Number of protein chains: 2
Amino acid sequence: MTTMLKSPLVLGDQGSFFFGGQVTKSADGDTLHTDAAFARFQAPPDPAWPPIVMWHGGRQFGKTYETTPDGREGYQQIWVRRGHPVYVIDQARRGGASQASLPTARPGPTADALVFNLFRLGIWEPPAEPTFFPNVSFPLDQASLDQFWFQSPTVLLHEERNNEDRDFHAAKMGQLLDRIGPSIMLTHSHSGAYGWTSAMHRPEKVRAIVSYEPNVYAFPADAVPADTPIDNPLALGFSPLQVVSPERFETLTRMPIQIIFGDNIQRSTPNKDIGSQHWHLSSRRAEQFAEAVNCRGGRVEILHLPDRGVRGNTHFPFADLNNLAVADLLSEFLAEHGLGAPASR
Amino acid sequence: MTTMLKSPLVLGDQGSFFFGGQVTKSADGDTLHTDAAFARFQAPPDPAWPPIVMWHGGRQFGKTYETTPDGREGYQQIWVRRGHPVYVIDQARRGGASQASLPTARPGPTADALVFNLFRLGIWEPPAEPTFFPNVSFPLDQASLDQFWFQSPTVLLHEERNNEDRDFHAAKMGQLLDRIGPSIMLTHSHSGAYGWTSAMHRPEKVRAIVSYEPNVYAFPADAVPADTPIDNPLALGFSPLQVVSPERFETLTRMPIQIIFGDNIQRSTPNKDIGSQHWHLSSRRAEQFAEAVNCRGGRVEILHLPDRGVRGNTHFPFADLNNLAVADLLSEFLAEHGLGAPASR
């Protein structure tokens, strides 16, 4: 019943540690350790390529990149096999991160339909049954779907979308990068904005940014794009602009950036299909972002997986049934920039 | 700066999954996935020995058994190297477990002095400085101590000490054991009681129980021991009796059980030394437990590490500086029962 690896995995290194925590002292002289983020890492013997730091998205933790819901190898193992040290993190206040300094109230759990829709497995309008997208590259059995839903850990506050929160997490990431050295920053969804912010904090420590379906994009204060109209105001609320100084923004021109979108992001869908609407808006914002970075001399490219014949991807392309094909396209990108081996499957 | 393995680690298997969750359906037909526990596993190629399930204690999560605070190999890696599949869990509502069905309030974070004292690193009475026990087998540098303190994740409710809570967690463990087969159950501190309860749920699936400093012990309703007097009422509150039916209790006679205590558990210490007082009481309870099981035909043994010349251990012997010596004594126990290889370092 366990998940068997296809072939043995030989590790030259493995471990876990906390980073970026804070220590406060109380009036009576006791101390309090809180808000550290947590990293687990594995590396092949004598790694040939730079580390990849994998940062989970909203309502998720590091598990995102581990064993897939149907028990196959996730990105964590795939990229160790491809020669990179891999650091999978739980951001502060999530999963295995250390105890949070937050107030004690927390939001209640998130029900399943929102996740099913927003993460583009298909469309579910209870009390009707959920319907997968016809071409979806996600396992259709109930056990896998259950694993996917159980993958949302307790969230201590709703995902925030402001620069203060981004700076909070990026400062911690800066400490990780200081420790492990220049790395490839791989982000997903909500952590997309943390990736831009981390790169602006430590541009010399970020060799490339690879972002799967980010929903927030940085823009320089002197060139904020016109808004992107869309029917669903809820979807609009998910993709606010991240406005930063032109000087900070300029640092994003210093490393190659690839932004990847999956499938079933239609340009014209019923208003209530929040998943499609939202990621359509996000892909429009990605184009505005690419233009802003590239006209300042940067190297942002946008990859829609279906344009390369890789179809049916949800919001989690790195875990979908075709995640090895998705990884091959990333190998291509990394090899192009001298940061990884070409795909050789 | 990363933690280098002493030698490569070859894995035949590795992965992670959720178990024991619940699915509820709301009036509108939406569903809600909550309260699954989480397991990460690694196995050597062709494991020769039964799996070891490692269950963290109170205020902790699976990290307890991973890289030690000073960056050495923890029990998770040590026991994969010794030929066992190792399953490290985050119990429901902790760490990487799925979102909790609990009410949204949670206790605030725990300050450091209590942890330092209760987990027997030494004695700290703020505003004085913390003082390590003179012989403590714990790294004395600040960075290691910080890692140790950061290791406490957000706790969603204070550790409960009642049979309802134990049954809740043991039922989930039963599902894990059904999936992975007969295993050695390794518990620590608060999870000691979960281990007894899990074994009573699935006696045929538990090959042995190894418990590091458990603080609660099961007793049959028809033979509850006299109370153990101790000066500090707070310490007494930590070790309540777990009363179960004689029929359930009898199942604990079916597998070998070893209970291990570390060092600096003095029999007569100042009243305010909560750590020593508490674990002294716990070791007295362990003797009562051993007698209750053994006089019914069971095989419980108690190992005080200093009695074997292994000194300075805190409440976390499996992570202390001498954790390989501690592991050797466990190898001895497992080999005696045909469940593991003799130590061969």
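Calculation criteria
Per chain, residues are indexed from 1 in the order of the written sequence. Chain letters start at A and ligand numbers start at 1, both assigned in the order the entries are written. Only residues with pLDDT of at least 70 are given local features in this predicted model, and only at 80 or more are side-chain atom pairs given and counted; all residues enter the totals for whole chains, interfaces and linings. Just so you know, side-chain values use all the structure's heavy atoms and leave hydrogens and water out. Axis definition: a line fitted to C-alpha atoms, limited for helices to the stretch in contact. Angles are taken between N-to-C directions and run from 0 to 180 degrees. Starting at the N terminus, helices and strands are each numbered in turn, a helix being any DSSP run of H or I of at least four residues and a strand any DSSP run of E of at least two. Each angle receives one of four descriptions, namely roughly parallel if under 35 degrees, roughly antiparallel if over 145, roughly perpendicular if within 65 to 115, and oblique otherwise. A crossing counts as left-handed when the near helix is turned anticlockwise from the far one by less than a right angle, and as right-handed when that turn is clockwise. We call two residues in contact when some of their heavy atoms are within 4.5 Å. Basically, the charged four are Asp, Glu, Lys and Arg, the nonpolar ten are Ala, Val, Leu, Ile, Met, Phe, Trp, Tyr, Cys and Pro, and anything else, Gly included, counts as polar. Summed over both partners, the accessible area (1.4 Å probe) lost when two parts come together is defined as the buried area. The rule for a salt bridge is simple: a side-chain nitrogen of Lys or Arg has to be within 4 Å of a carboxyl oxygen of Asp or Glu. Under the rule applied, a polar contact is a pair of N or O atoms within 3.5 Å (in protein, one hydrogen donor and one hydrogen acceptor; residues adjacent in sequence only if both atoms are side-chain atoms). Working definition: rings of Phe, Tyr and Trp (its six-membered ring) pair if their centres are within 6.5 Å, and the pair is stacked with planes under 30 degrees apart, edge-to-face with planes over 60 apart, and tilted otherwise. For every residue, the accessible area (1.4 Å probe, protein chains only) is compared with the maximum for its type, and the residue is labelled buried under 20%, exposed over 50%, or partly exposed between those bounds. Predictor confidence is given residue by residue as pLDDT, running from a minimum of 0 to a maximum of 100. To superpose the copies, least squares is applied to the C-alpha atoms of every residue with a pLDDT of at least 70 in both. Among buried residues, the Ala, Val, Leu, Ile, Met, Phe, Trp, Tyr and Cys ones that are joined through side-chain atoms within 4.5 Å form a nonpolar core. Here the expected length of a helix is defined as 1.5 Å per residue gap, with one fewer gap than residues.

Quick notes on the packing of helix α4 (residues 163-180) of chain B against helix α5 (residues 191-201) of chain B
Residues and elements named next belong to chain B. The contact between α4 and α5 brings their axes to 8 Å, and the two run at 60 degrees. With respect to each other, α4 and α5 are oriented oblique. For the pair α4 and α5, the sense of crossing is right-handed. For the pair α4 and α5, contact is made by Asp165, Arg166, Asp167, His169, Ala170, Ala171 and Met173 and by Ala193, Tyr194, Thr197, Ser198 and His201, respectively. Taken together, the residues that form the contact of α4 with α5 break down as five nonpolar, four polar and three charged.

A closer look at the interface of chain B and chain A
Opposite the 70 residues of chain B that make contact, chain A presents 70 residues. Interface of chain B and chain A: buried area, both sides summed, is about 6000 Å²; carbon and sulfur atoms make up 50% of it. If you sort the residues of chain B by the area they bury against chain A, His33, Arg106 and Phe150 of chain B come out on top, with a joint share of 13%. Inspection of the region where chain B meets chain A yields two salt bridges. The tally of links between chain B and chain A comes to 42 residue pairs in polar contact (both at pLDDT 80 or more). Those elements giving two or more residues to the side of chain B that touches chain A turn out to be β1 (4-19), β2 (22-25), β3 (31-34), β4 (37-43), α1 (75-81), α2 (112-118), α3 (142-150) and α4 of chain B.

Observations concerning the packing of aromatic side chains
Geometrically, a pair of aromatic rings is defined through the distance of the ring centres and the angle of the planes. Residue and element names in this part refer to chain A. The final tally for this structure, using the stated rule, is 53 aromatic pairs over all chains. Taken together, a centroid distance of 5.3 Å and an interplanar angle of 80 degrees make the contact between Phe138 and Phe148 edge-to-face. With a gap of 10 residues between them, Phe138 in the loop between β8 (131-132) and α3 (142-150) and Phe148 in helix α3 connect regions that are remote in the sequence. Looking at Phe138, the relative accessible area reads 4%, which means it is buried. Overall, the relative accessible area of 2% leaves Phe148 in the buried class.

Let's talk about the confidence of the model for chain A
Here chain A shows a mean pLDDT of 93. Residues at 70 or above account for 94%. For this predicted complex, the interface score ipTM comes out at 0.96, while the overall pTM is 0.96.

So, the relation of the copies chain B and chain A
When chain B is fitted onto chain A, the two copies agree to an RMSD of 0.0 Å after a turn of 180 degrees and an axial shift of 0.0 Å. These values place the two chain copies in the arrangement generated by a two-fold rotation axis. Here 100% of the interface residues in chain B have copies in chain A that are interface residues too; the copies meet face to matching face.

Things to note about the pattern of salt bridges
Here the structure, examined in full by the defined rule, presents 26 salt bridges over all chains. One salt bridge connects Arg94 of chain B with Glu159 of chain B, and the closest N-O pair in it is separated by 3.2 Å. One end of the pair, Arg94 of chain B, is in the loop between β6 (86-90) and α2; the other, Glu159 of chain B, is in the loop between α3 and α4, and 65 residues separate them in sequence. Residue class for Glu159 of chain B comes out buried when judged on its relative accessible area of 13%. Linked by salt bridges that have partners in common, Asp178, Arg202 and Lys205 of chain A make up one network.

Things to note about the environment of Ala105 of chain B
By the element assignment, Ala105 of chain B lies in the loop between β6 and α2. Among the residues examined, Ala105 of chain B registers a relative accessible area of 54% and is labelled exposed. Considering only alpha carbons, one finds Ala105 of chain B and Gly20 of chain B, 85 residues apart in sequence, at a separation of 23 Å. Non-local contacts of Ala105 of chain B, meaning those with residues more than four positions away in its chain, are made with Thr104 of chain A together with Leu156 of chain B.

What to know about the nonpolar core
Counting residues in each nonpolar core, the largest one holds 170 residues, and the members touching the most others are Tyr75, Trp196, Leu252 and Phe289 of chain A together with Tyr75, Trp196 and Phe289 of chain B. Setting aside its immediate chain neighbours within four residues, Tyr75 of chain A contacts Met54, Tyr65, Leu186, Tyr212, Phe318, Asn323, Val326, Ala327 and Leu330 of chain A. Counting six residues, the second largest nonpolar core, distinct from the first, contains Leu102 of chain A together with Ala100, Leu102 and Leu156 of chain B.

Looking at the environment of Ile260 of chain B
Residue and element names in this part refer to chain B. Within the secondary structure, Ile260 is located in strand β13 (residues 256-261). When the C-alpha atoms of Ile260 and Tyr212 are compared, they prove to be 4.9 Å apart, with 48 residues separating the residues in sequence. If we skip the residues at most four places from it in the chain, Ile260 touches Val210, Ser211, Tyr212, Glu213, Leu303 and Leu305.

Here we look at α5 of chain B
With respect to burial, α5 of chain B is a largely interior element, 10 of its 11 residues being buried. For α5 of chain B, the set of buried residues is Ser191, Gly192, Ala193, Tyr194, Gly195, Trp196, Thr197, Ser198, Ala199 and Met200 of chain B.

Side note on the side chain of Ser144 of chain B
Residue and element names in this part refer to chain B. By secondary structure assignment, the location of Ser144 is in helix α3. Judged by its relative accessible area of 4%, Ser144 falls in the buried class. Within the structure, the side chain of Ser144 is placed 2.8 Å from the side chain of Asp141, a separation counted as a polar contact.

Remarks on unusual backbone geometry
Here Pro126 of chain A and Pro127 of chain A are connected by a cis peptide whose omega angle stands at 15 degrees. With phi around 60 degrees, Asn264 of chain A is a residue other than glycine that occupies positive phi space.

A look at helix α9 (residues 323-336) of chain B
Residue and element names in this part refer to chain B. Compared with the 20 Å implied by 1.5 Å per residue over 14 residues, the 20 Å span of α9 between its first and last C-alpha is a close match. Residues Asn323, Val326, Ala327, Asp328, Leu329, Leu330, Ser331, Phe333 and Leu334 constitute the buried set of α9. As for α9, its buried residues are in contact with α1, β9 (183-188), β10 (206-212), β13 and β14 (299-304).

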